[in-house]
Amino acid sequence: MLVRLNVNGGWREAEVWPGASLLSMLRDDLGLWGTKNACEQGECGSCSVWLDGELVCSCLVLAAQADGRHVETIESLSHDGVLHPVQEAFLEAGAVQCGFCTPGFEVAVADLLRRDPHPSEETVREALSGNLCRCTGYEKILDAVRLAADRMDQVTP
Ligand code: FES
Ligand code: FES
């Protein structure tokens, strides 16, 4: 079936199997490999994207369900080689190790800071509870969230 969706500001389309996930369409048909496939069961958050502005696990959404809708992926965060403050903060805080989970974390953190620019520690932990990292103790990721919130606070009037 033909699925047409707006990805990161541009309309894209592909012929997909009716049971194909949005994750597989993004990666296999549209070449957007930043969104990672780790569990395909909605357990790890590595496939997180925005669908019409709402954070979803793209492995749990059928590509067909996204037809005609707007999707934003990790690739939408940087522009012309300039990283988003959340991405800069992850690098600076040393929160990236194998990096498999990193796109999902960064999308989740960017989503959180859009909604709550000054989240409490508890709110951050809750917001990231759907994202699993097998490499770190999460402390550097939490440092990165604090750093990103501070930086974004300085540039937001
Ligand atoms: S790959 Fe979608 S939640 Fe893990
Ligand atoms: S950095 Fe390795 S799973 Fe997160």
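Procedures and definitions
Residues numbered from 1 in each chain as written. Chains lettered and ligands numbered in written order. Predicted model: local features only at pLDDT ≥ 70, side-chain atom pairs only at ≥ 80, totals over all residues. Pairing = 2+ DSSP bridges. Helix = DSSP H or I, 4+ residues; strand = E, 2+ residues; numbered from the N terminus. Domains from an automatic or database assignment. Contact = placed C-beta atoms within 7 Å. Nonpolar A, V, L, I, M, F, W, Y, C, P; charged D, E, K, R; others polar. Axes fitted to C-alpha atoms, helices over the stretch in contact; angles between N-to-C directions.

Visitor: Looking at this model, I keep getting lost on the pairing of strand β3 (residues 48-51). Mind explaining?
Guide: Two faces belong to every sheet, and in a regular strand the side chains alternate between them. Both β3 and strand β4 (residues 54-57) contribute to a ladder of four bridges, which runs antiparallel. Bridge pairing links S48 to C57 in β4. Once β3 ends, the chain turns through two residues before running back antiparallel as β4, passing D52 with a positive phi of about 50°. As paired strands, β3 and strand β5 (residues 70-72) are joined by two bridges and run antiparallel to one another. Bridging across to β5, L51 finds its partner in V71.

Visitor: How do you make sense of the domain arrangement of the protein chain when you look at a structure like this?
Guide: Frequently, the measure chosen for interface size is the accessible area that the parts lose on association. Segmenting the protein chain into domains produces domain 1 (2-76) and domain 2 (85-155). For domain 1 versus domain 2, the separation of C-alpha centres amounts to 22 Å. Domain 1 puts 13 residues into the contact, and the matching count from domain 2 is 11 residues. Residues that form the side of domain 1 that touches domain 2 fall into these classes: six nonpolar, five polar and two charged.

Visitor: Explain the sheet that holds β4 to me, please; I cannot follow it from the model alone.
Guide: In sheet architecture, strand pairing relies on hydrogen bonds along the backbone and comes in two forms, parallel and antiparallel. Strand order in the open sheet formed by five strands is β2-β1-β5-β3-β4, and the pairing between neighbours is mixed. Looking at the sheet topology across the chains shown, the edges are occupied by β2 (10-15) and β4. Going across the sheet, the axis of each strand differs from the next one's by a mean of 40°, ignoring polarity. By the bridge criterion, two bridges tie strand β1 (residues 2-7) to β5 in an arrangement that is parallel. Looking at β5, one finds that V7 is bridged to V71. Helix α3 (residues 102-115) contacts β3 and β4 of the sheet and is inclined by roughly 45° relative to β3.

Visitor: What is the right way to read unusual backbone geometry from this model?
Guide: In this structure, E40 takes a positive phi of about 55° despite not being glycine. Mapped onto the elements, E40 comes out in the loop between α1 (22-29) and β3. The phi dihedral of D80 is positive, around 50°, even though this residue is not glycine. Relative to the helices and strands, D80 resides in the loop between β5 and α2 (85-93).

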